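Structure at a glance
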Amino acid sequence: MREKAAELAIVSNKSFEASTAVNLHHFDISSALQTSLEFIELITIFCNKIQATIPHNSAEYVNGEFDLNFSRGVIGRHSCSYALKVEDQQLGELKLTRSQRFSKDELRMLESLLCCLIYPLKNATLFQKALQMAYTDPLTKTHNRTAFNDTLMREIIRANRCGQNLSLIFVDVDHFKSINDQYGHHCGDMALASVASWIKDSVRASDVVFRFGGEEFVILLADTNLESADTIAERVRSDIESHTLAYGMDVLNITASLGVSTLKDNDDTESLIKRADTAMYQAKQRGRNRVCLG
Ligand SMILES: Nc1nc2c(ncn2[C@@H]2O[C@H](COP(=O)(O)OP(=O)(O)OP(=O)(O)O)[C@@H](O)[C@H]2O)c(=O)[nH]1
């Protein structure tokens, strides 16, 4: 009877040890990458883990979908870069640099190790998209009330710790009900989306715009005192007034009333919001299309 052929190829001890080491390295990296759903953290973990195998001086990670451009280290003359994707889903681009050329073996090893990074990046993408959806108002594409509550609490703590100013502007569209009544809800929705984009265009990218509810928006201004917040509120008011909204054959003029408040000692989220809200109602009472300070 003929013996069945051995199924395992005989390998020299040296290459067997090498492949075991490679597998352990993959396992170590994969385990470490399971600890985070943040892009920057994942890239940092990955680069730290591969540093001994593929020494590099700098790493850059760009992910256009999430507006990320992260870099660390000092850029070297030689580079290798990879557009990371899985099943046609773009996961960003990773670039490593150093002063010496990367060898073919190193590049082969890097490509093999990058496989460990792909699925954690895909999970991070799904998680960050879900977070974005949970925090975004679908009509106006501004941050929603949940995001506002979370952010305001955090910003008050930060402002108090760093001894910085923090201001709030409440923006309430004037006579919005009559837009709905006269032109219908579709027009009302368009008006809200337009006002949101005018407000966003009117403030810095670092100032965050939220839809507080209905036809009311809040702008959160970090490191901004009452005087500056007043100036910004006046600019927002004037920008809203100067825009027009074309709806069918009609041209609509929209105005808003604004209330401003700045963080004081012993303020909490409620008292800060209350002062801006009260100031906004004062602006309504004084004839609308104006800014009042709380
Ligand atoms: N189309 C549309 N309308 C909304 C939305 N959310 C709230 N509204 C409407 O906004 C209107 C707000 O009306 P009011 O609170 O009376 O305020 P106003 O008409 O703007 O009057 P003042 O604030 O006093 O100037 C209501 O008719 C709501 O139904 C929305 O998402 N889409």
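Position numbers for residues start from 1 in each chain and track the written sequence from start to end. Side-chain atom pairs in this predicted model are given and counted only at pLDDT of 80 or more, local residue features only at pLDDT of at least 70, and totals for whole chains, interfaces and linings cover all residues.

As named in an unreviewed UniProt entry, the protein is diguanylate cyclase, taken from Methylomonas subterranea. UniProt positions are given in the numbering used here, feature names are shortened, and annotations may be inferred rather than shown by experiment. The Catalytic activity (unreviewed entry) comment attached to the protein in UniProt states, word for word, "2 GTP = 3',3'-c-di-GMP + 2 diphosphate".

1. Focus: the overall build of the protein
What counts as a helix is a DSSP run of H or I of at least four residues, what counts as a strand is a run of E of at least two, and both are numbered from the N terminus. Helix and strand counts for the protein come out as 8 helices and 11 strands. On C-alpha atoms alone, the protein measures out to a radius of gyration of 27 Å, which is more than a quarter above the 19 Å that the 2.2 N^0.38 rule sets for 294 residues. Principal-axis analysis of the C-alpha atoms places the extent of the protein at approximately 100 × 45 × 40 Å. In the protein, which comprises 294 residues, the proportion classed as buried is 28%. Placing a C-beta atom from the backbone of each residue, one calls two residues in contact when those atoms lie within 7 Å. For the protein, the proportion of contacts with a sequence separation of at least 24, taken over those separated by at least 6, is 61%. Between the two quantities, the radius of gyration covers C-alpha atoms and the globule rule is 2.2 Å times the number of residues to the power 0.38. Residues with at least 20 neighbouring C-beta atoms inside 10 Å of their own are called buried, those with 12 or fewer are called exposed, and the rest are partly exposed, where every C-beta is derived from the backbone.

2. So, unusual backbone geometry
The phi dihedral of D223 falls on the positive side, at around 50 degrees, and the residue is not glycine. Residue placement: D223 occurs in the loop between β7 (216–222) and α7 (226–242). For D223, a count of 14 C-beta atoms within 10 Å gives the class partly exposed.

3. What about the pairing of strand β1 (residues 58–63)?
Here β1 shows a buried face lined by A59, Y61 and N63 and an unburied face lined by S58, E60 and V62. By definition, two strands form a pair when at least two bridges between them are found by DSSP. As defined by bridge partners, β1 adjoins strand β2 (residues 68–73) across 6 bridges and the pair is classed as antiparallel. Across the sheet, residue Y61 finds its bridge partner in β2, namely F70. The turn linking β1 back onto β2 is made up of 4 residues, and D67 within it adopts a positive phi angle of 60 degrees.

4. A look at the sheet that holds β2
Strands in a sheet are paired, the pairing made by backbone hydrogen bonds, and the direction either parallel or antiparallel. Taken together, 4 strands build an open sheet; the order of strands is β2-β1-β4-β3 and the sheet is antiparallel. Both outer strands of the open sheet, β2 and β3 (78–86), are each paired with one neighbouring strand and no more. Ignoring which end each strand starts from, the neighbouring axes of this sheet average 10 degrees apart. Strand contacts of helix α2 (residues 39–50): β1, β2 and β4 (89–98), with the helix running at about 150 degrees to β1, the strand carrying the most contacts. Axis angles are defined between N-to-C directions and span 0 to 180 degrees, where every axis is a line fitted to C-alpha atoms and, for a helix, only to the segment in contact. Sitting on the sheet, helix α3 (residues 104–135) touches β3 and β4, and the angle it makes with β3 is about 45 degrees.

5. Here we look at α7
With 17 residues, α7 extends 24 Å between its outermost C-alpha atoms, agreeing within 8% with the 24 Å of an ideal straight helix rising 1.5 Å per residue. Among the residues making up α7, those that are buried are A229, I232, A233, V236, R237 and I240. The buried residues of α7 all sit within an arc of 140 degrees when viewed along its axis, so they share a single face. Close packing links the buried residues of α7 with β5 (166–173), α6 (185–202), β7, β10 (256–262) and β11 (291–293). Helix span, as expected, comes to 1.5 Å for every residue beyond the first. As used here, the arc belongs to the directions running from the helix axis to the C-beta atoms.

6. Focus: the domain arrangement of the protein
Domain extents, as shown, originate in an automatic or database domain assignment. Considered domain by domain, the protein is made up of domain 1 (13–135) and domain 2 (145–293). A straight line from the C-alpha centre of domain 1 to that of domain 2 covers 41 Å.

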